[in-house]
Amino acid sequence: RSNLSSNCSPTHTYSFSAACSVKLWASAFGGEIKSISAKYSGSQLLQKKYKEFEKSVRVEEIDGLKLVKKLAENMEEMFHKKAEAMRRLVEAAEEAHLQHEEDPNLQYEYFNAVLINEVDEEGNNVELGKEFILEPNDHFNNLSVNLSLSVVQVPTNMYNKDSAIVNGVYWSEALNKVFVDNFERDPSLIWQYFGSAKGFFRQYPGIKWHPDEHGVIAFDCRNRKWYIQAATSPKDVVILVDVSGSMKGLRLTIARQTVSSILDTLGDDDFFNIIAYNEELHYVEPCLNGTLVQADISNKDHFREHLDKLYAKGIGMLDVALTEAFSLLSEFNQTGRGSVCSQAIMLITDGAVDTYDSVFAKYNWPDRKVRIFPYLIGRESAFADNLKWMACANKGYFTQISTLADVQENVMEYLHVLSRPKVIDQEHDTIWTEAYIDTSSLLIARRLSMCSFWLILCRTDVCMSPSFFVAYLQRNKGILLGVVGTDVPVQELLKTIPKYKLGIHGYAFAITNNGYILTHPDLRPMYEEGKKRRKPNYSSVDLSEVEWEDKDDVLRNAMVNRKTGTFSMEVKKTVDKGKRVLVLHNDYYYTDIKGTPFSLGVALSRGHGKYFFRGNVTVEEGGYRLQLLPTYCNTDEHPEHADLSQIEAIKLYLSGRDPHLKCEKELIQEVLFDAVVTAPLEAYWTSLALNKSENSDKGVEIAFLGTRTGLSRINLFVVPEQLSNQDFLTAEDKEGVFNADHFPLWYKRAAEQIPGTFVYSLPFSSGPENKSVVLASTAIQLLDERKSPIAAAVGIQMKLEFFQRKFWTASRQCAALDGKCSISCDNESINCYLIDNNGFILVAEDYSQTGMFFGEVEGAVMSKLLAMGSFKRVTLYDYQAICKIYAESSDSAHSLLDVSVPENEHDFFLVEFNLYSWWHSDLAATAQRSGRTMLVPCDTEYPAFVSERTIKENTGNIDCEGCVKSFVIQQIPSSNLFMVVVDNKCDCKSVAPITMDSLTAAEHNESLKCERLKSQKDRRRPDSCHPFHPEENAMECGGVLGLEPGVTATLLPLVLALLER
């Protein structure tokens, strides 16, 4: 490397002449463009105004631990409020059921969710389809709802007017009053519901349901995760599948579907494995021989892929299979890595020639801690008695599955058995599910459930103690009534976080007991392909996938184990669609949220991110020509505030005339201070706009300002129709949104620049076809010291053509006395570029190269700049990427590695769980078999580039094939830009371009798949566990259809059986 001195000392003739000229051009352009940027942004005026208020400002260091504890308390209070609403539903349901006398002949017209407002050919309302008033409501995503009544949905495979359904619907009408009362008490509540063990689902507010194109609604509340989690305890499950010769054909098909349905009932707190047996044992996933895996979505999908590989032959040795299952459960339980709670063996077979009591006597009696659930496949009942005996002798339940249509209803029976201990214990555990996406609104919500049994209703994720209990003689039957619940939007959590205290790069996040993300700014659960779609494993993205720099999971494990503490590390935050990187040093503070399985964390970036300041002004001093986002006052809670703007709400709040209006007092004080300090900018911008001699060619289009409190001011120097690019005004791009909860990209990048300098960029959100503007922004610091917080940022939008013209004008300057310079950007022998600190081209002689990465155009020069240290490569990882898989190769893994590409470069900086990479190649194989293209989750590695701030100028020579290529790079003063002048007489085509393309992170070979399947991160088991109860009636263990004379042929024999228990 040869650094040029400030007086252009020659290293050789070319670099001497070029370096001096380039330095002159860079200085001329830098002075001109900074002058324009400072003048039209008003940066110097604003800096002066903040200085004037310096004495009335108090700078404070943020106490991260104190802050995170306060936030956790706020969230705990919010969660408790939702839980109280569910408790009221539990008590109402229990009371209503207690007062109700079952009437097998009861006739009752209820509002059926599918049939409401339906009419027949004569225009009359159909049965169960009475008129039901529906009105659009903003609170429910503008869906048409009824805030006075609930509706009832009954699964398509169940009879709407079955006696058990009608009786349950009738007594649960009492919940309507409580639904309405809950909503009036807490208007932030959204959906409330009751999922009955009989199968019907009552939902408030009432809304019309629409079946699919086949006239079917497959929804059954009892197989939803929230219902199952609320009703049962965590469990370890071994599924034994008979693959002897007699299982060929339809029986094996039914067996596969039964296994798949059982997997549907398992959640993130459960563990499982599947073993097929005939004369030998066959672990469905051989890699997992002798262990269990967590029942997350990815693992379950992986096992489903392998079910297709099962085929029937030979003789079934059930005793060997049972022995293996018992040993596996016992050994895994001793490791402490599983649920350490309920244990079960699911036996799927077409018969058993023995009762195998010797096996049970050795491994399970007398404690009977492992329940046995036999599923008899097929219509034959010759061996039914043996299987039922196994169930009864081991606190399980026996069912027979004759057709595919029987599978789901029969599989569900085991859940009622597992719920009995909880019922008899009269425990009402608080349970919260992981985040999910509401398909109607595409809003992430977290589901709260409560359980109530027999007369203890189970509400989704929360179970409360009953106000009474059933007579003791009924308790051992442990009948579950159902589950009540509510959805809690993640936005409700975010409202408790004062983002303005977290600084520009700071954020709060929360995780579950399994380490999965509840909320995090880098969690992106959706991807787009024409329309927004949920990613397959969006609800189980681990914290380690977004905070990936924590290689040893120190932060993650501390939070999973509900500790309170601090942690620090250097992080690489990608911005601008993943094309740019900010290297920050974050301090993390974390604690648990009591009463929930969640832990909360706060990240603060060192430097300006650790400080904030308080200013003080009166209301009258503030100007109100500004824009505020709905963060300051809650205008949603009470209808009378709904039409208030934020400015009007602030005025009303400060007047003290409305005690019901809730506002952030501290934030309002700070935003008023910012309003006062920044008010003079409005007049300044107006004077510039009125001066016709200024900006005559309308090169500067917009001036903008943002402060740390979310206040923004925008001034147009041209009418909106004449704007070259309106993205800045519409802010459709997420990174461009500006409010007190989110700082836009131009603000974040300006904060990391040296104070007093501007950062220039092409907005990538415009797309390659519309790179028509340049944004320039600079940060305004409060104090002249490193600890100073950033008070605001200002900037301008100018036409790209205007910006480029200034560059070319500057590059024609010449310092030679005779006016004849040895080099010029007009010369065909050299190429001139203007690039930014991340290597993207803003100006090039070939206009089509605008916005491209410099390494793609001048690969040899970029390689040399990296070698010399002028730029450095930063390697980034994306564990939520979506890749395309083309099924063109005979080798599915080869196909994935060669042609999988992240969609739209880094647009899907949405990545999905790295533990699931084995799944990608499985899907690749599926894609290959079906001959189609698929989008699948994948792990990617990709580069970003950043300039070295300390190197202002450089020259270099590149030895190519038979010639030497020379170049000069010179920093543009007071900016993030560099001028690069390249000698193009020497062609270095032998040097490959440097691209920003992503690479698949790892090969998808069998050993890697196996390693990832086996890997299990730290997790915290739920506090509640109810595996069995000594008073449980173990003889309620199922029946054999067609054998028991007392059971008549009805549409719902299993539901009736449940009523009898």
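Because the structure is predicted, anything quoted here is derived from the model rather than measured.

1. Focus: the overall build of the protein chain
A count of helices and strands for the protein chain gives 28 helices and 39 strands. Burial analysis of the protein chain (1061 residues in total) assigns 59% to the buried set. Counted over contacts in the protein chain with a minimum sequence separation of 6, partners at least 24 positions apart contribute 73%. Total accessible area on the protein chain stands at roughly 42600 Å², and carbon and sulfur atoms take up 49% of it.

2. Some remarks on helix 11 (residues 384-393)
Burial analysis of helix 11 places seven of its ten residues in the buried class, which makes it a mostly covered element. Listed as buried for helix 11 are Ala384, Asn386, Leu387, Met390, Ala391, Cys392 and Ala393. Positive phi shows up at Lys395, right after helix 11, with a value of about 55°.

3. Some details on the sheet that holds strand 22 (residues 580-592)
Taken together, five strands build an open sheet; the order of strands is 18-17-23-22-21 and the sheet is antiparallel. The outermost strands of the open sheet, each flanked by one partner alone, are strand 18 (517-519) and strand 21 (565-575). Between one strand axis and the next, the sheet turns by 35° as a mean value, whatever way the strands run. Across seven bridges, the pairing between strand 22 and strand 23 (residues 599-605) is antiparallel. Looking across to strand 23, one finds that Asn586 is bridged to Ser605.

4. What to know about the confidence of the model for the protein chain
In the predicted model, the protein chain carries a mean pLDDT of 82, and 82% of its residues have values of at least 70. Note on residues 440-444: pLDDT is under 50 here. Beyond four places in sequence and across chains, it has 17 contacts. Counted against residues more than four places away or in other chains, residues 887-930, with its pLDDT under 50, gives 138 contacts.

5. Thoughts on the UniProt feature "coiled-coil region" (unreviewed entry) in the protein chain
Sites flagged by UniProt as "coiled-coil region" (unreviewed entry) map to residues 68-103. Taken end to end, residues 68-103 is 89% helix and 0% strand, and its first and last C-alpha atoms sit 55 Å apart.

6. Structural notes on the sheet that holds strand 30 (residues 773-781)
If you trace the five strands from one edge of the open sheet to the other, you get 28-27-31-30-29, paired in antiparallel fashion. If you trace the sheet from one side to the other, it starts and ends with strand 28 (712-716) and strand 29 (759-761), each paired once. On average, each strand axis in the sheet is tilted by 15° relative to the strand beside it, whichever way the strands run. Sheet strands in contact with helix 22 (residues 800-810) are strand 27 (700-707), strand 29, strand 30 and strand 31 (790-799), and its direction is about 90° off that of strand 31.

7. Re unusual backbone geometry
Here the amide bond leading from Tyr204 into Pro205 is cis, since omega sits at -5°, within 30 degrees of zero. Counting through the fold element by element, Pro205 comes out in the loop between strand 6 (201-204) and helix 6 (225-231). Cis geometry marks the peptide bond from Trp365 to Pro366; its omega dihedral reads 5°. Backbone geometry places Leu128, a non-glycine residue, at a positive phi of 65°. Positive phi values are uncommon outside glycine, yet Arg368 reaches one of about 55°. Among the structural elements, Arg368 can be located in the loop between helix 10 (357-363) and strand 12 (370-377). On the basis of relative accessibility, which here comes to 25%, the residue Arg368 falls in the partly exposed class.

8. Section: the packing of aromatic side chains
We describe a pair of aromatic rings using the distance from one ring centre to the other and the angle between the two ring planes. Counting across every chain of the model gives 47 aromatic pairs. On the numbers, 6.2 Å between centres and 35° between planes, the contact of Phe360 with Trp365 is tilted. By relative accessible area, Phe360 is classed as buried at 0%. What links up through ring pairs into an aromatic cluster is the set Phe29, Phe758, Tyr760, Phe803, Phe807 and Trp808. Above the face of the Phe111 ring, Lys130 is positioned so that its terminal group lies 4.6 Å from the ring centre.

9. Let's talk about the environment of Gln804
Looking at the secondary structure, you find Gln804 in helix 22. Of the residues examined, Gln804 reaches a relative accessible area of 8% and is grouped as buried. Each C-alpha atom, one on Gln804 and one on Ala844, is 8.6 Å from the other, the two residues being 40 residues apart in sequence. Once residues within four sequence positions are removed from consideration, Gln804 is found in contact with Leu842, Val843, Tyr847 and Thr850. Within the structure, Gln804 has its side chain in polar contact with the backbone oxygen of Leu842 (distance 3.0 Å).

10. With respect to the nonpolar core
Counting residues in hydrophobic clusters, the biggest one holds 68 residues, and the most contacted among them are Phe29, Tyr50, Tyr760, Met798, Phe803, Leu834 and Leu842. Other than its neighbours up to four places away in sequence, Leu834 contacts Phe29, Phe803, Phe807, Phe840, Ile841, Leu842, Val843, Ile972, Leu977, Phe978 and Met979. One finds Ala113, Phe140, Val154 and Phe179 within the second-largest nonpolar core, a separate group that totals 50 residues.

11. Some details on the packing of helix 2 (residues 43-52) against helix 19 (residues 665-690)
Relative to each other, helix 2 and helix 19 sit at 145°, their axes nearing to 10 Å. Considering only the axes of helix 2 and helix 19, their crossing is right-handed. Only Phe673, Asp674, Val677, Thr678, Pro680, Leu681 and Tyr684 of helix 19 make contact with helix 2, whose side of the interface consists of Leu45, Leu46, Lys49 and Tyr50. Partitioned by chemical class, the residues of the contact of helix 2 with helix 19 number eight nonpolar, one polar and two charged.

12. Some words on a nonpolar patch on the surface
Where nonpolar side chains cluster on the molecular surface, the patch consists of Ile315, Met317 and Val320 and spans about 250 Å² of accessible area. Tracing the sequence through the fold places Ile315 in the loop between helix 8 (297-307) and helix 9 (318-335).

13. Overview of the state of the cysteines
Enumeration according to the criterion identifies seven disulfides in this entry. A sulfur-sulfur separation of 2.0 Å characterises the disulfide bridge that pairs Cys633 with Cys663. Sign of the S-S torsion, about 110° for the bond between Cys633 and Cys663, identifies this disulfide as right-handed. Residue Cys633 is located in strand 25 (residues 633-634), and its partner Cys663 is located in strand 26 (residues 662-663); the two are separated by 30 residues in the primary sequence. An identical accessibility class is assigned to Cys633 and Cys663; each is buried. Here Cys963 pairs with Cys986 through a disulfide, and the sulfurs are 1.9 Å apart.

14. Examining the environment of Ser605
Structurally, Ser605 can be placed in strand 23. Residue classification places Ser605 among the buried positions, given a relative accessible area of 2%. When sequence neighbours within four positions are dropped, the list of residues in contact with Ser605 reads His505, His585, Asn586 and Lys610.

15. A look at the pairing of strand 27
Among the eight residues in strand 27, eight count as buried, and that is most of the element. As paired strands, strand 27 and strand 31 are joined by seven bridges and run antiparallel to one another. Residue pairing across strands places Val700 opposite Met798, the latter belonging to strand 31. Both strand 27 and strand 28 contribute to a ladder of five bridges, which runs antiparallel. From the neighbouring strand, Phe704 faces strand 28, where its bridge partner is Ile714. Counting the residues that bridge the hairpin from strand 27 to strand 28 gives four residues, and of these Gly710 lies at a positive phi of roughly 95°.

16. Examining the pattern of salt bridges
Throughout the structure, instances matching the rule amount to 43 salt bridges. When the shortest N-O distance is used, the salt bridge between Asp587 and Arg606 registers 3.0 Å. Here Asp587, found in strand 22, pairs with Arg606, found in the loop between strand 23 and strand 24 (611-614); they are 19 residues apart in sequence, far enough to count as distant. When its relative accessible area of 6% is taken as the criterion, Asp587 is described as buried. By relative accessible area, which is 44% here, Arg606 ends up partly exposed. Taken together, the salt bridges that share partners define one network made up of Arg58, Glu60, Lys501, Arg614 and Glu666.

Reading the values: the criteria
- Residues numbered from 1 in each chain as written.
- Predicted model: local features only at pLDDT ≥ 70, side-chain atom pairs only at ≥ 80, totals over all residues.
- Heavy atoms only, no water.
- Helix = DSSP H or I, 4+ residues; strand = E, 2+ residues; numbered from the N terminus.
- Buried < 20%, exposed > 50% of the residue type's maximum accessible area, 1.4 Å probe, protein only.
- Contact = heavy atoms within 4.5 Å.
- Areas by Shrake-Rupley, 256 points an atom, 1.4 Å probe, with all protein chains shown as cover.
- Pairing = 2+ DSSP bridges.
- Axes fitted to C-alpha atoms, helices over the stretch in contact; angles between N-to-C directions.
- pLDDT = per-residue confidence, 0-100.
- UniProt positions renumbered as here; feature names shortened; annotations may be inferred.
- Phe/Tyr/Trp six-rings, centres within 6.5 Å; stacked < 30°, edge-to-face > 60°.
- Lys NZ or Arg CZ within 6 Å of the ring centre and 35° of its normal.
- Polar contact = N/O pair within 3.5 Å; in protein donor to acceptor, adjacent residues only side chain to side chain.
- Core = buried A, V, L, I, M, F, W, Y, C linked by side-chain atoms within 4.5 Å.
- Left-handed = near helix turned anticlockwise from the far one by under 90°.
- Nonpolar A, V, L, I, M, F, W, Y, C, P; charged D, E, K, R; others polar.
- Patch = residues over 30% accessible without salt bridge, like charges linked within 9 Å, V, L, I, M, F, W, Y side chains within 5 Å.
- Salt bridge = Lys/Arg side-chain N within 4 Å of Asp/Glu carboxyl O.
- Disulfide = S-S within 2.5 Å.

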